[in-house]
Amino acid sequence: MLPEYNPGTLIFVDPEKAVEYRKEAIDVLTDTKEATFKRYAEEPEHGEMLKALNPNWNEP
């Protein structure tokens, strides 16, 4: 079972560690410099991707 993150949860990030399958990562959008918290996943129709954990997040 994967962890859930509730509002207010502190997230500690190791910028030296590579992201692993089904692990979380911070993603910085190149156009807006906005940081988002996502999970690395593989989906048959999309291949490898960072998937938003927030169900209300609209992918750009």
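Residues numbered from 1 in each chain as written. Predicted model: local features only at pLDDT ≥ 70, side-chain atom pairs only at ≥ 80, totals over all residues. Heavy atoms only, no water.

## A few points about the pairing of strand E1 (residues 24-28)
- Across the two faces of E1 the burial differs, with Ala-25 and Asp-27 buried and Glu-24, Ile-26 and Val-28 not buried at all.
- Here E1 pairs with strand E2 (residues 35-43) via five bridges, running antiparallel. Following the sheet pairing, Glu-24 is matched in E2 by Arg-39.
- Here E1 hands over to E2 after six residues, with Lys-33 in that stretch at a positive phi of 65 degrees. (Buried < 20%, exposed > 50% of the residue type's maximum accessible area, 1.4 Å probe, protein only. Helix = DSSP H or I, 4+ residues; strand = E, 2+ residues; numbered from the N terminus. Pairing = 2+ DSSP bridges.)

## Here we look at the environment of Lys-33
- Along the chain, Lys-33 turns up in the loop between E1 and E2.
- Remark: the alpha-carbon pair of Lys-33 and Lys-23, spanning 10 residues in sequence, is separated by 22 Å.
- One polar contact links the side chain of Lys-33 to the main-chain carbonyl oxygen of Thr-30, over a distance of 3.4 Å. (Polar contact = N/O pair within 3.5 Å; in protein donor to acceptor, adjacent residues only side chain to side chain.)

## With respect to a nonpolar patch on the surface
- Taken together, Tyr-5, Ile-11, Val-13, Ile-26 and Val-28 make up a surface patch of nonpolar side chains, about 410 Å² in accessible area.
- Here Val-13 is to be found in the segment before E1. (Patch = residues over 30% accessible without salt bridge, like charges linked within 9 Å, V, L, I, M, F, W, Y side chains within 5 Å. Areas by Shrake-Rupley, 256 points an atom, 1.4 Å probe, with all protein chains shown as cover. Salt bridge = Lys/Arg side-chain N within 4 Å of Asp/Glu carboxyl O.)

## As for the pattern of salt bridges
- All told, the structure shown has four salt bridges when counted by the stated rule.
- Its salt-bridge partner being Arg-39, residue Glu-24 comes within 2.6 Å of it at the nearest N-O pair. You can see Glu-24 sitting in strand E1 and its partner Arg-39 sitting in strand E2, a full 15 residues away along the chain.
- For Glu-43, the salt bridge goes to Lys-51, with nearest N and O atoms at 2.8 Å.
- Classification of Glu-43 by relative accessible area gives buried; the value is 17%.
- Here Lys-51 falls in the partly exposed class, since its relative accessible area comes to 39%.

## Brief notes about the side chain of Thr-36
- Within the fold, Thr-36 resides in strand E2.
- Ignoring any residue separated from it by four or fewer positions in sequence, one finds Thr-36 in contact with Ala-25, Ile-26, Asp-27 and Trp-57. (Contact = heavy atoms within 4.5 Å.)

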